[in-house]
Amino acid sequence: MTKILIIGYSSLVKRRIISSLIRKNIPYDVASRSKKQKDFKAANWYHGYTKAINNSDAEIAYISLPNSLHYVWAMKTLKKGLLNI
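These figures come from a predicted structure and were not determined experimentally. (Residues numbered from 1 in each chain as written. Predicted model: local features only at pLDDT ≥ 70, side-chain atom pairs only at ≥ 80, totals over all residues. Heavy atoms only, no water.)

Peer 1: Sorry if this is basic, but what is going on with the side chain of Ser 56 here?
Peer 2: With respect to the helices, strands and loops of the structure, Ser 56 is situated in the loop between α2 (49-55) and β4 (60-63). Assessed through its relative accessible area of 15%, Ser 56 is described here as buried. Among all residues touching Ser 56, those that are not within four sequence positions of it are Leu 5, Asp 29 and Tyr 46. (Helix = DSSP H or I, 4+ residues; strand = E, 2+ residues; numbered from the N terminus. Buried < 20%, exposed > 50% of the residue type's maximum accessible area, 1.4 Å probe, protein only. Contact = heavy atoms within 4.5 Å.)

Peer 1: Please explain helix α1 (residues 11-23) as it appears in this structure.
Peer 2: Residues spaced three or four apart along an α-helix face the same direction, because each turn holds 3.6 residues. Relative to the 18 Å expected for 13 residues at 1.5 Å per residue, α1 spans 18 Å between its end C-alpha atoms, a close match to the ideal helical length. Maximum bend of α1: about 35°, positioned at Ile 17. Taken as a whole, α1 has its buried residues at Val 13, Ile 18 and Leu 21. Check the buried side of α1 and you find it contacts β1 (4-7), β2 (28-32) and β4. Once α1 finishes, Asn 25 follows within two positions and takes phi at roughly 55°, a positive value. (Expected span 1.5 Å × (residues − 1). Bend = angle between axes of the 7 residues up to and from the residue.)

Peer 1: I tried to follow the sheet that holds β4 on my own but got confused; where do I start?
Peer 2: The strands that make up a sheet are held in pairs by hydrogen bonds between backbone atoms, and each pair lies either parallel or antiparallel. With parallel pairing, five strands are arranged side by side in an open sheet as β3-β2-β1-β4-β5. Each end of this open sheet is capped by a strand with a single partner; those strands are β3 (44-47) and β5 (83-84). Bridge analysis of β1 against β2 gives four bridges, and the strand direction is parallel. Considered in β2, the bridge of Ile 7 is made with Ala 31. Sheet contacts for α1: β1, β2 and β4; angle to β1, the most-contacted strand, approximately 175°. Packed onto the sheet, helix α3 (residues 67-79) meets β1, β4 and β5 and runs at close to 170° relative to β4. (Pairing = 2+ DSSP bridges. Axes fitted to C-alpha atoms, helices over the stretch in contact; angles between N-to-C directions.)

Peer 1: I would appreciate a short explanation of α3 in the present structure.
Peer 2: Given a rise of 1.5 Å per residue, 13 residues ought to cover 18 Å, and the 19 Å separating the end C-alpha atoms of α3 matches this to within 8%. When we look at burial in α3, the residues that qualify are Trp 73, Ala 74 and Thr 77.

Put into structure tokens, the structure is as follows:
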């Protein structure tokens, strides 16, 4: 099964995306800059986006960051071979 790397732990991710992934039994990793929050159902939790991109075995990246950061992080994930959704 395809694993998804979620970059950014936004309220949308918390409210909608993660619950959908859990319902469909899709494994996921989470990358966040916050050290206070953690999703215990995530396969892996990374503190830092670059660390996650370099270490996650996910095949797809879901970028949940402010619009101004999408391009930069989409390019970094594409260079590592991740598909973006």
